[in-house]
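One-letter residues, chain by chain:
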Amino acid sequence: MPSVLASGGATDAVRADESGLLASVVVAVHGNARDLPGLLAALSRQDMGTDLYELVVVDNHPSAVVEPTLFAAVEFDWQLVHEPIAGVSRARNAGIRRTRGACVLITDPDSRPGGSWVRELSTALIDQAAAVAGGPATPRLPMEVALRPQLRQWFVPPVWPEHTQELTPPYWIVGCNMGFRRTSPPPMFDENLGAVGRRHRSCEDLELVIRAQMAGQRVLLVPAAAVHRTVTADDLRLRALLSRAFWHGVSVAQLRRHVPACYIVDSYRLWDVITESDHLTRLTHLARLAGYHGARLAAKLRTHKRGVERPRPSRNPQDEPGKEADQHV
């Protein structure tokens with residue numbers, strides 16, 4: 001496989017066109033600014049020249065909280081953007097509009113990319129002509145916390161292939177470890193999806209991937225582009241798990257309205273709830289079902305209400321062209 005760092009070939013052309021930047025890493029910050037120093041350290045350890053990538057940090061708070069002095073010691077280029085309206089998709093889009101690299105890579109403040117992350121995703125996107133690429137995410141847990149296997153799916157894909165391949169079931173790409181080629185206009189996240197404050201909506205990453213696949217573009221899974229994703233003890237509390245499951249169900253229902261024929265690696269069958277032996281997993285299945293079917297019902301009611309409230313055609317003969325013509329005969 002050719003290297004994106006090799007002389008000659010596609011990468012030199014990209015570097016010439018993109019002012020030397022191979023990749024732009026976009027990070028949306030909302031309530032987790034304290035995790036940024038760890039991310040900066042991980043990005044500083046990438047196994048490629050710091051002149052090849054930049055970081056675009058989007059401060060997604062009503063008033064800016066991220067201090068520019070935080071970046072004083074980093075050797076790569078960086079930008080700090082303020083997006084006051086909450087929403088991870090909105091914040092990421094604000095960052096994407098400011099990117100300069102040939103590739104746009106997405107991660108989170110509390111994620112920790114491996115040392116070859118930028119290089120591996122960029123290789124897949126440029127040398128292997130992928131429109132979208134993603135890598136595996138491994139839970140990063142406190143020492144006293146264990147992530148039950150049944151709950152792993154709520155945070156990271158539970159399985160991943162051993163070698164780079166096209167995206168196929170049962171695998172999926174997550175928003176803390178994905179990238180895409182920067183085109184004109186660049187791909188954007190659906191701002192009706194993705195977390196907004198306490199509403200833990202999701203599927204913004206899935207929708208972008210589905211859009212690429214429906215356009216006939218190549219989507220790759222890249223095992224070597226690894227990221228560790230933070231899972232806290234609070235994330236594993238019952239209320240947080242049920243909220244995550246409920247809003248995921250809402251998000252999938254919304255996604256299916258836009259792309260009803262798409263395949264989604266998920267299940268919303270009551271049979272799965274009945275046959276599940278783990279009590280906590282059964283509760284998350286129920287919460288997901290409630291969100292999914294509740295959102296579908298709400299959408300039907302809104303459609304019905306719009307139909308009922310639609311004004312009926314006027315019965316005044318003066319408003320009907322045919323009747324008016326008859327009167328003039």
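Residues numbered from 1 in each chain as written. Predicted model: local features only at pLDDT ≥ 70, side-chain atom pairs only at ≥ 80, totals over all residues. Heavy atoms only, no water.

A.B. asks: Help me understand helix α4 (residues 117–126), please; the structure alone is not making it clear to me.
C.D. replies: An α-helical turn contains 3.6 residues, so any two residues separated by three or four positions project in the same direction. Counted residue by residue, α4 has nine buried out of 10 residues, so it is predominantly covered. Among all positions in α4, only Trp 117, Val 118, Glu 120, Leu 121, Ser 122, Thr 123, Ala 124, Leu 125 and Ile 126 are buried. (Buried < 20%, exposed > 50% of the residue type's maximum accessible area, 1.4 Å probe, protein only. Helix = DSSP H or I, 4+ residues; strand = E, 2+ residues; numbered from the N terminus.)

A.B. asks: Would you explain the layout of surface pockets in this entry?
C.D. replies: Empty space left among the atoms is revealed by rolling a probe the size of a water molecule over them. Roughly 200 Å³ of internal volume is contained in the second largest pocket. Taken together, Ala 131, Val 132, Phe 180, Arg 181, Thr 183, Pro 187, Leu 208, Arg 211, Ala 212, Ala 215 and Gln 217 form the lining of the second largest pocket. Those elements giving two or more residues to the lining of the second largest pocket turn out to be β9 (178–181) and α5 (204–214). (1 Å grid on protein atoms, 1.4 Å probe; cavity = no way out; pocket = protein on both sides within 12 Å on 5 of 7 lines; lining within 4 Å. Points joined across faces, edges and corners; volume = space filled by probe spheres on them.)

A.B. asks: Just checking my understanding: could you explain the side chain of Asp 205 for this structure?
C.D. replies: If you trace the backbone, Asp 205 turns up in helix α5. Despite its burial, Asp 205 pairs with no opposite charge; the closest candidate is Arg 92, at 5.7 Å N-O. With near-sequence residues (within four places) excluded, Asp 205 lies in contact with Ile 173, Val 174, Gly 175, Met 178 and Phe 189. (Lys, Arg positive; Asp, Glu negative; His and termini not counted. Salt bridge = Lys/Arg side-chain N within 4 Å of Asp/Glu carboxyl O. Contact = heavy atoms within 4.5 Å.)

A.B. asks: Got a minute to help me understand the pattern of salt bridges in this structure?
C.D. replies: For the structure on display, the rule yields 12 salt bridges. Among the salt bridges present, the one from Asp 77 reaches Arg 100, with a minimum N-O distance of 3.5 Å. Residue Asp 77 is found in strand β3 (residues 77–82), and its partner Arg 100 is found in the loop between α3 (88–96) and β4 (103–107); the two are separated by 23 residues along the sequence. In this structure, the salt-bridge partner of Arg 119 is Glu 120, at a minimum N-O distance of 3.5 Å.

A.B. asks: Help me out: how do you make sense of a nonpolar patch on the surface in this one?
C.D. replies: There is a patch of nonpolar side chains on the surface, built from Leu 270, Trp 271, Ile 274 and Leu 286 and spanning about 450 Å² of accessible area. Ranked by the residues each element gives to the nonpolar patch, the list is headed by helix α7 (residues 270–275), at three residues. With respect to the element layout, Leu 286 can be found in helix α8 (residues 279–309). Using a relative accessible area of 38% as the deciding quantity, one classes Leu 286 as partly exposed. (Patch = residues over 30% accessible without salt bridge, like charges linked within 9 Å, V, L, I, M, F, W, Y side chains within 5 Å. Areas by Shrake-Rupley, 256 points an atom, 1.4 Å probe, with all protein chains shown as cover.)

A.B. asks: Teacher, can you tell me more about the sheet that holds strand β11 (residues 227–230) here?
C.D. replies: By definition, the strands of a sheet pair up through backbone hydrogen bonds, in either a parallel or an antiparallel sense. Read from one edge of the open sheet, three strands run β5-β11-β7, paired in mixed fashion. A strand with exactly one partner marks an edge of an open sheet, and here the two such strands are β5 (111–113) and β7 (137–140). Across this sheet, the average inter-strand angle for adjacent strands is 25°, counted without regard to direction. Where β5 lies against β11, three bridges are found, and the strand directions are antiparallel. (Pairing = 2+ DSSP bridges. Axes fitted to C-alpha atoms, helices over the stretch in contact; angles between N-to-C directions.)

A.B. asks: Would you mind going over a positive patch on the surface with me for this structure?
C.D. replies: A cluster of like positive charges, contributed by Arg 257, Arg 296, Lys 300, Arg 302 and Arg 306, occupies part of the molecular surface. Here the positive patch takes four residues from α8, the largest share from any one element. Secondary-structure assignment places Arg 257 in helix α6 (residues 238–258). Judged by relative accessible area, which is 40%, Arg 257 ranks as partly exposed. (Charge placed at Lys NZ, Arg CZ, Asp CG, Glu CD.)

A.B. asks: Hey, could you run me through α3 in this one?
C.D. replies: Most of α3 is tucked away: eight of the nine residues are buried. All of the buried residues along α3 are Val 88, Ser 89, Ala 91, Arg 92, Asn 93, Ala 94, Gly 95 and Ile 96. If you follow the buried residues of α3, they end up packed against β1 (23–29), β2 (53–59), β4, β9 and α5.

A.B. asks: Mind showing me how you'd approach the packing of aromatic side chains here?
C.D. replies: Following the criterion strictly, the structure yields five aromatic pairs and no others. For the ring pair Phe 71 and Trp 78, a centre distance of 4.5 Å and an interplane angle of 15° mean the geometry is stacked. A residue is classified by how much of its surface remains accessible, and Phe 71, at 1% relative accessible area, is buried. A relative accessible area of 34% means that Trp 78 is categorised as partly exposed. Taken together, a centroid distance of 6.3 Å and an interplanar angle of 70° make the contact between Phe 180 and Phe 189 edge-to-face. In terms of burial, Phe 180 and Phe 189 fall into one category: buried. A cation over an aromatic ring shows up here: Arg 92 above the ring of Phe 189, its NZ or CZ 5.3 Å from the ring centre. (Phe/Tyr/Trp six-rings, centres within 6.5 Å; stacked < 30°, edge-to-face > 60°. Lys NZ or Arg CZ within 6 Å of the ring centre and 35° of its normal.)

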